Every structure is written in structure tokens, then in C-alpha cells.
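Summary of structural features
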Amino acid sequence: MFVDACVIISLMAGEQTAAAYEIELSQAADPFTSPLAAWEAIVAMSRPDQLDCPYTATEALVVEWLAERQIELREPASPREVLSHAVAVAEKYGLGKRRLSNFDCFHYAHAKAAGSPLLTLDALLRETDVEIRPA
């Protein structure tokens with residue numbers, strides 16, 4: 001199961017959605033995320049309303065948090081396939097306000113390339129052909 005940045009942020013920040021994500025992660029056989037998703041979480045968690053600390057300090061916390069939960073930080077087996085999926089989903093659903101973000105496109109692409117469900121809150125990603133969790 002691909003774990004997107006919003007999940008990392010929700011769980012680390014103890015947001016309202018965290019409980020549903022914990023249930024999904026406890027049942028996931030092989031949870032993983034990408035450096036890009038981790039980067040997005042690091043930027044968000046570094047903000048003053050979150051951890052309020054430098055990116056390097058937040059990076060250490062996010063990487064440790066991922067390791068404690070056995071969420072593997074990994075690159076895709078086929079970067080070219082991930083790129084193709086990201087381009088295709090952007091073309092089909094659009095980019096920008098009220099559309100998919102660049103991060104959304106790559107989170108989708110990682111899950112699609114791995115043949116894995118995508119753990120996310122993003123409503124727009126539910127319209128795609130990738131299995132989304134929680135259901």
C-alpha cells in the first residue's frame with residue numbers, strides 16, 4: 001500500500017482522520033512511500049503551526065516515524081512507468097486548483113506502478129482507477 005503525504009501528516013499531527021489510517025496501516029502487508037511524499041510531509045510538518053522546526057530536523061523525525069511504523073521509503077522499480085502514469089492522470093484529470101496537484105499525480109503513479117492500493121484523503125484520486133483506502 002502506497003502511503004501518501006496527507007496520511008503521514010495526519011498521523012504525525014494526530015488529526016481527526018488518523019484513526020482510520022491507523023486501522024488501514026495495521027492491515028497493510030507492505031506499506032511504502034516515496035521520497036517525494038516524504039518531502040511533502042517534511043515541508044508541511046516544518047510549518048509554525050506544526051513542529052515549527054528546520055527541514056533537517058523534521059526530516060529526521062519523519063524518517064524515524066516511517067521506520068517505527070515499518071513504512072518503507074523507496075524509489076519505484078520503474079521510474080519511467082511512474083512518470084508515464086503521472087502524465088496520464090494529469091492529462092485525464094487536470095492539474096491545479098480544484099484538480100490534482102503534482103504530488104497527487106506522483107502518489108497515484110507510484111501506487112499504479114506497484115499495483116498497490118493508495119492510502120489517501122484526496123477525493124479527486126477516488127475518481128481514478130487506483131484502489132483507494134480507506135474505502
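The structure contained in this document is the topic of the report that follows. (Residues numbered from 1 in each chain as written. Predicted model: local features only at pLDDT ≥ 70, side-chain atom pairs only at ≥ 80, totals over all residues. Heavy atoms only, no water.)

Section: helix H1 (residues 5-13)
Heads up, the rule is: The buried label goes to any residue with under 20% of its type's maximum accessible area, the exposed label to any with over 50%, and the partly exposed label to all in between, with areas taken from a 1.4 Å probe on protein chains only. Numbering of helices and strands runs from the N terminus; a helix is a DSSP stretch of H or I covering at least four residues, while a strand is a stretch of E covering at least two. As used in this structure description, the phrase polar contact means that two N or O atoms lie within 3.5 Å; if the pair is within protein, one of them must be able to donate a hydrogen and the other to accept it, and residues adjacent in sequence are counted only when both atoms belong to side chains.
Buried within H1 are the following residues: Ala5, Val7, Ile8, Ile9, Ser10 and Leu11. Two to three positions downstream of the cap, the backbone nitrogen of cysteine 6 sits 3.1 Å from a side-chain oxygen, assigning the N-cap of H1 to aspartate 4. One or two residues past the end of H1 sits glycine 14, with phi positive at roughly 65 degrees.

Things to note about the state of the cysteines
Cut-off, in case you're wondering: Our working definition of a disulfide is a cysteine sulfur pair at a distance within 2.5 Å.
This structure, assessed with the given rule, holds zero disulfides. For cysteine 6, which is in no disulfide, the shortest distance to another cysteine sulfur is to cysteine 105 and amounts to 14 Å. A relative accessible area of 24% places cysteine 6 in the partly exposed class.

Quick look at the packing of H1 against helix H4 (residues 55-68)
For clarity, the threshold we go by: Note on method: axes are straight lines fitted to C-alpha atoms, helices fitted across the in-contact stretch only, with angles between N-to-C directions ranging 0 to 180 degrees. By definition in this entry, angles of less than 35 degrees are roughly parallel, angles greater than 145 are roughly antiparallel, angles of 65 to 115 are roughly perpendicular, and the rest are oblique. A contact between two residues is defined here by any heavy atoms of the two lying within 4.5 Å. The residue classification treats Ala, Val, Leu, Ile, Met, Phe, Trp, Tyr, Cys and Pro as nonpolar and Asp, Glu, Lys and Arg as charged. All others, Gly included, are polar.
With their axes 12 Å apart at the nearest point, H1 and H4 run at an angle of 90 degrees to one another. Accordingly, the angle class assigned to the pair H1 and H4 is roughly perpendicular. Here Ile8, Leu11 and Met12 of H1 lie close against H4, whose contacting residues are Leu61, Val62, Trp65 and Leu66. Here the residues of the contact of H1 with H4 sort into seven nonpolar, no polar and no charged.

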